[in-house]
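# Analysis of the macromolecular model
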Amino acid sequence: MNARLTEKDSESGDRSHNSPMDHPVDAIVIGLGGMGAHAVYQLAARGAKVAGFDQYGPAHNRGSSHGASRIIRQAYYEHPSYVPLLLRAYELWQKLEQDSGDNNLMQITGGIYLGAPDSSTVSGSLQSAVQYNLPHELLDSAEINRRFPVFQPGAHEVAVWERNAGFLRPERAIHACLQEATRHGAALHFDEAVSRWEVTATGTVRVSTGRDVYESARLILAPGAWAPEIFYELKLPFVMQRHVMAWFDPTGGIGSFMPDQFPIYLWEVNPHCIFYGFPAIDGSGGGVKIALHTGGDACTPQSIDRRIHPQDESQLREQM
């Protein structure tokens, strides 16, 4: 369980290489976005000696966790097997808020999941809620509109209302995790890209960067969109997709979209079109966020088109 860490001589610019036993670590984490930042925080808080690497700076704007807000929900429509993980995640989010002193990482607004009764969004959410006795209600079209007049569902559409859903602030959360990881002794390496990792003959893991080579007994990979590159040995069929998030200013004002009146939501128009949105989490100057959960052009971190085109806006306006 050893890593070879180096220091740069500030006078000569030469590296002074330390013996692997000088800086033993239990684990290396590659990628310090939403997943990796939590990994180094949890490991360090449990007393493990851990080193983390990211090719960019902390909470940068190129990762999967960028974008000011993310939905958190318990009645997971994708499969009920996620629910125990989510219940534990809520506990850990609350613990992170306590540890970091930042009580604005997670906000509960309630969540509503709309669509036809047999849609995956509705039926899957209902299955998870019933199986794990999560606080919820099944609303018909009229009740949806009565409670949340902004929504105009079709007569055949229904919704699962979940009391404990809400949103997270990902960049703030990453900073909080990194702060706590550092406080517990984690060594964080930013602007240091990993070029290769491999398992050695002795069973340790060797990680190579542009600066040095490090070794550890354990390796956690949290590369986000760089997964096809960092998992190259496994040849897994990852597909990265471009997704656009947009913030709109409601023509009728922001009042009906404030977090105390408006929930996060998922709306399944058809199996190939699910869109989602948030309340006005930053008040009158922050707009109302909406995005498509489905679709998206295949891309890589290098080839992704970061420009916003008229068709991007029109695709979202079609759902409004």
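Residues numbered from 1 in each chain as written. Predicted model: local features only at pLDDT ≥ 70, side-chain atom pairs only at ≥ 80, totals over all residues. Heavy atoms only, no water.

## Focus: unusual backbone geometry
Residue Asn-133 is not a glycine yet carries a positive backbone phi of 55 degrees. Here Asn-133 shows up in the loop between α3 (120–131) and β8 (136–139). Classification of Asn-133 by relative accessible area gives exposed; the value is 70%. Positive phi outside glycine occurs at Lys-235, with the angle close to 50 degrees. Mapping Lys-235 onto the fold places it in the loop between α6 (227–230) and β16 (240–241). You can call Lys-235 exposed: its relative accessible area is 71%. (Helix = DSSP H or I, 4+ residues; strand = E, 2+ residues; numbered from the N terminus. Buried < 20%, exposed > 50% of the residue type's maximum accessible area, 1.4 Å probe, protein only.)

## Side note on the packing of aromatic side chains
Scanning all chains against the criterion turns up 14 aromatic pairs. Ring centres of Tyr-56 and Trp-226 lie 6.0 Å apart, and the angle between their planes is 55 degrees; on these two criteria the pair is classed as tilted. Remark: Trp-226 occurs in the loop between β15 (218–221) and α6 and Tyr-56 occurs in the loop between β4 (50–53) and β5 (70–72); sequence separation between them is 170 residues. Classification of Trp-226 as buried rests on a relative accessible area of 11%. Ring geometry for Phe-151 against Trp-267: centres 5.8 Å apart, planes inclined by 75 degrees, an arrangement best described as edge-to-face. One end of the pair, Phe-151, is in the loop between α4 (141–147) and β9 (158–162); the other, Trp-267, is in strand β18 (residues 264–270), and 116 residues separate them in sequence. The residues Phe-151 and Trp-267 share a single accessibility class, namely buried. Every member of this aromatic cluster is reached through a ring pair, and the members are Phe-148, Phe-151, Trp-161, Phe-257, Phe-262, Tyr-265, Trp-267 and Phe-275. Between Arg-62 and the ring centre of Tyr-56, over which it is positioned, the NZ or CZ distance is 4.2 Å. (Phe/Tyr/Trp six-rings, centres within 6.5 Å; stacked < 30°, edge-to-face > 60°. Lys NZ or Arg CZ within 6 Å of the ring centre and 35° of its normal.)

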